[in-house]
Amino acid sequence: MALTRGCSPELVSILSGHFYPALLTYADWPDGAVRIHSGTGAMSWGGQEWLGAGIPVNGEMLGLVEFRGPAESTGLSSRGASVRVATTIETMLAEYGKVIRNREISIYFAVTTKPGGSVLAAEPVSLFTGYFDERTFSLKREDEDYSHDMELGLGVGPPPRASASITHGPEDQKRAYPGDTAGRQVINAIRKRNNPDLWPAP
């Protein structure tokens, strides 16, 4: 199976063994560009600084940002993705009125030199590129603990055609080829086969 993304030879070599994955996220937010990564500390890549959005808890990395992307497909149907952001109620209220629809978001896959690290072991590769499509807020309670999440729905193509099908009718043929009567002749032939003319008429 061939790779569908432009991974560097270094990244392909690292992925064949034990590695430490990371995600880099760029968002065109109303307040300005946001660049974060799933580890801790500041990361330098592409001439920009990417801030860490991970918190180490009991030896594990707790991510404040979670990305769920669609599986790659060769079909016409376009399925969206989403980003979940763990945040405070105050932040949720502050972000409520900001218009984010159709703003750009890009996700990159990378590997670092250590778990949750901020030093890249190879050049990142593009994982997802799309736009913000919707936003919802949720408040959940488990025993005495509350979780506050902001769910950002993402789109990857023109929304009206996200689940469209391709059809070609007589109007399309006439519009593209005004002098071509082949489409009309085929339609008449099909009609006569299914409903043949009777002569004399009953």
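This text gives an overview of the structure that appears in the document. What you see is a predicted model; the values in this text were computed from it and never measured.

Concerning the pairing of strand 2 (residues 32-37)
When a strand is regular, its side chains alternate between the sheet's two faces.
Then, number 1: As paired strands, strand 1 (residues 20-29) and strand 2 are joined by six bridges and run antiparallel to one another. The residue bridging Thr25 from the neighbouring strand is Ile36, located in strand 2.
Then, number 2: What sits between strand 1 and strand 2 in their antiparallel hairpin is a turn of two residues.
Then, number 3: Looking at chain direction, strand 2 and strand 4 (residues 48-52) are connected through two bridges and run parallel. Opposite Ile36, over in strand 4, you have Leu51 as the bridge partner.

Points about the environment of Thr129
Then, number 1: One can find Thr129 in strand 10 (residues 125-142).
Then, number 2: In sequence terms Thr129 and Glu104 are 25 residues apart; their C-alpha atoms lie 7.6 Å from each other.
Then, number 3: Ignoring sequence-local partners within four residues, the contact set of Thr129 consists of Ile105, Ser106 and Val156.

Thoughts on the packing of aromatic side chains
Then, number 1: For the structure shown, the criterion picks out five aromatic pairs.
Then, number 2: When the centroid spacing of 5.5 Å and the interplanar angle of 85 degrees are considered together, the rings of Trp29 and Phe132 count as edge-to-face. Taken together, the residues span a long stretch of sequence, with Trp29 in strand 1 and Phe132 in strand 10 at a distance of 103 residues.
Then, number 3: We classify Trp29 as buried; its relative accessible area is 10%.
Then, number 4: Overall, the relative accessible area of 1% leaves Phe132 in the buried class.

Side note on the nonpolar core
Then, number 1: Membership of the largest hydrophobic core comes to 14 residues, with the highest contact counts inside it found for Phe67, Val83, Ile105, Phe128, Phe132, Leu152 and Leu154.
Then, number 2: Sorting the residues of this core by element identifies strand 1, strand 8 (81-86), strand 9 (104-112), strand 10 and strand 11 (145-155) as the ones contributing at least two each.
Then, number 3: Setting aside anything within four residues of it in sequence, one finds Phe132 in contact with Ala27, Trp29, Ile100, Arg101, Asn102, Arg103, Glu104, Ile105, Leu152, Gly153 and Leu154.
Then, number 4: Counting residues in hydrophobic clusters, the runner-up holds seven residues, among them Leu24, Tyr26, Ala110 and Leu120.

Remarks on a nonpolar patch on the surface
Then, number 1: On the surface, Ile89, Leu93 and Leu139 cluster together into a nonpolar patch covering about 300 Å² of accessible area.
Then, number 2: Locating Leu139 in the fold gives a position in strand 10.

Analysis parameters
- Residues numbered from 1 in each chain as written.
- Predicted model: local features only at pLDDT ≥ 70, side-chain atom pairs only at ≥ 80, totals over all residues.
- Heavy atoms only, no water.
- Pairing = 2+ DSSP bridges.
- Helix = DSSP H or I, 4+ residues; strand = E, 2+ residues; numbered from the N terminus.
- Contact = heavy atoms within 4.5 Å.
- Phe/Tyr/Trp six-rings, centres within 6.5 Å; stacked < 30°, edge-to-face > 60°.
- Buried < 20%, exposed > 50% of the residue type's maximum accessible area, 1.4 Å probe, protein only.
- Core = buried A, V, L, I, M, F, W, Y, C linked by side-chain atoms within 4.5 Å.
- Patch = residues over 30% accessible without salt bridge, like charges linked within 9 Å, V, L, I, M, F, W, Y side chains within 5 Å.
- Areas by Shrake-Rupley, 256 points an atom, 1.4 Å probe, with all protein chains shown as cover.
- Salt bridge = Lys/Arg side-chain N within 4 Å of Asp/Glu carboxyl O.

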